[in-house]
Amino acid sequence: MSRSKSRPVVLSPAERELLVKVVRTGSHPAQEVRRARILLELDDNDPGREKPVPAQEVVAQRAGGERGHRAENLEGVRRAR
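Residue numbers restart at each chain and count upward from 1, following the sequence in its written direction. With pLDDT at 70 or above as the cut-off, local features in this predicted model cover only qualifying residues; side-chain atom pairs require 80 or more to be listed or tallied, and sums for whole chains, interfaces and linings still use all residues. Each side-chain value is derived from all of the structure's non-hydrogen atoms; neither hydrogens nor water enter the calculation.

A. Seen up close, the overall build of the chain. Only DSSP runs of H or I reaching four residues or more are called helices, and only runs of E reaching two or more are called strands; each is numbered from the N terminus. For the chain, the helix and strand inventory stands at 4 helices and 0 strands. Secondary structure elements of the chain, listed N to C terminal, follow the sequence α-α-α-α. Buried residues are those whose accessible area, probed at 1.4 Å on protein chains only, stays under 20% of the maximum for their type, while exposed residues exceed 50% and partly exposed ones sit between those limits. By residue count, 33% of the 81 residues in the chain fall in the buried class. Intrachain contacts of the chain at a sequence separation of at least 6 include 55% that bridge at least 24 residues. Using a 1.4 Å probe, the Shrake-Rupley method yields the accessible areas, and only the shown protein chains count as cover for residues. In the structure as shown, the chain presents an accessible area of about 5500 Å², 49% of it carried by carbon and sulfur atoms. Throughout, a contact is declared for two residues whenever any of their heavy atoms are within 4.5 Å.

Dropping the structure here:
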């Protein structure tokens, strides 16, 4: 299943910087860090990305570590933004 472009994630540099701080500092709740990782992975505006945005299944695996997350749950994170 390929990633739907119905709700593309386009972060500004300031939003991206804030999310990177959330992921790196370690002082935020786990759910908030997981959501920040997902948004960073889905960002169409990532200046360091040479390849297209990965499929939802790949993003779900990266964001969830060993357990992974279901790709269907990513749509909820995308909508909440």
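Having seen the model, we can carry on.
B. Highlighting the confidence of the model for the chain. Overall, the predicted model of the chain reaches an average pLDDT of 77, with 70% of residues at or above 70. What pLDDT reports is the predictor's confidence in each residue, on a scale of 0 through 100. Mean pLDDT across the elements of the chain ranges from a minimum in helix α4 (residues 71-80), with 60, to a maximum in helix α1 (residues 13-25), with 94.

C. Up close: the pattern of salt bridges. Throughout this description, the term salt bridge denotes a Lys or Arg side-chain nitrogen within 4 Å of a carboxyl oxygen of Asp or Glu. As enumerated under the stated definition, the model contains 3 salt bridges in all. Here aspartate 43 ties to arginine 16 by a salt bridge, and the two come within 3.1 Å at their closest N and O atoms. With a gap of 27 residues between them, aspartate 43 in the loop between α2 (30-42) and α3 (56-64) and arginine 16 in helix α1 connect regions that are remote in the sequence. Here aspartate 43 and arginine 16 have matching classes, each one buried. Measuring nitrogen to oxygen at the nearest pair gives 3.2 Å for the salt bridge that ties aspartate 46 to arginine 16.

D. Expanded view of the packing of α1 against α2. The contact between α1 and α2 brings their axes to 9 Å, and the two run at 135°. Taken together, the axis directions place α1 and α2 in an arrangement best described as oblique. You can see that α1 and α2 cross each other, and the crossing is left-handed. Packed against α1, whose contacting residues are Arg16, Leu19, Val20, Val22 and Val23, the element α2 presents Glu32, Val33, Ala36, Arg37, Leu39 and Leu40 at the interface. Here the term charged refers only to Asp, Glu, Lys and Arg, the term nonpolar to Ala, Val, Leu, Ile, Met, Phe, Trp, Tyr, Cys and Pro, and the term polar to all other amino acids, Gly among them. Per-class residue counts for the contact of α1 with α2 are 8 nonpolar, no polar and 3 charged. Angular values range over 0 to 180 degrees, each being the angle between N-to-C directions of two axes fitted as lines to C-alpha atoms, with helices fitted over their stretch in contact. Every angle not falling under 35 degrees, over 145, or within 65 to 115 is termed oblique; those three ranges are roughly parallel, roughly antiparallel and roughly perpendicular. If you view the pair so one helix is near and one far, a crossing is left-handed when the near helix is turned anticlockwise from the far one by less than a right angle, and right-handed when it is turned clockwise.

E. Just α1, in detail. For α1, spanning 13 residues, the distance from its first C-alpha to its last is 18 Å, which sits close to the expected 18 Å at 1.5 Å a residue. Taken together, the buried positions of α1 are occupied by Arg16, Leu19 and Val22. Down the axis of α1, the sector holding all buried residues measures 120°, keeping them to one side. Of the residues in α1, the exposed ones pointing more than 90 degrees away from the buried face are Pro13, Ala14, Leu18 and Arg24. Where α1 is buried, its residues touch α2. A helix is expected to reach a length of 1.5 Å times the quantity of its residues less one. Throughout, the arc means that of the directions going from the helix axis to the C-beta atoms.

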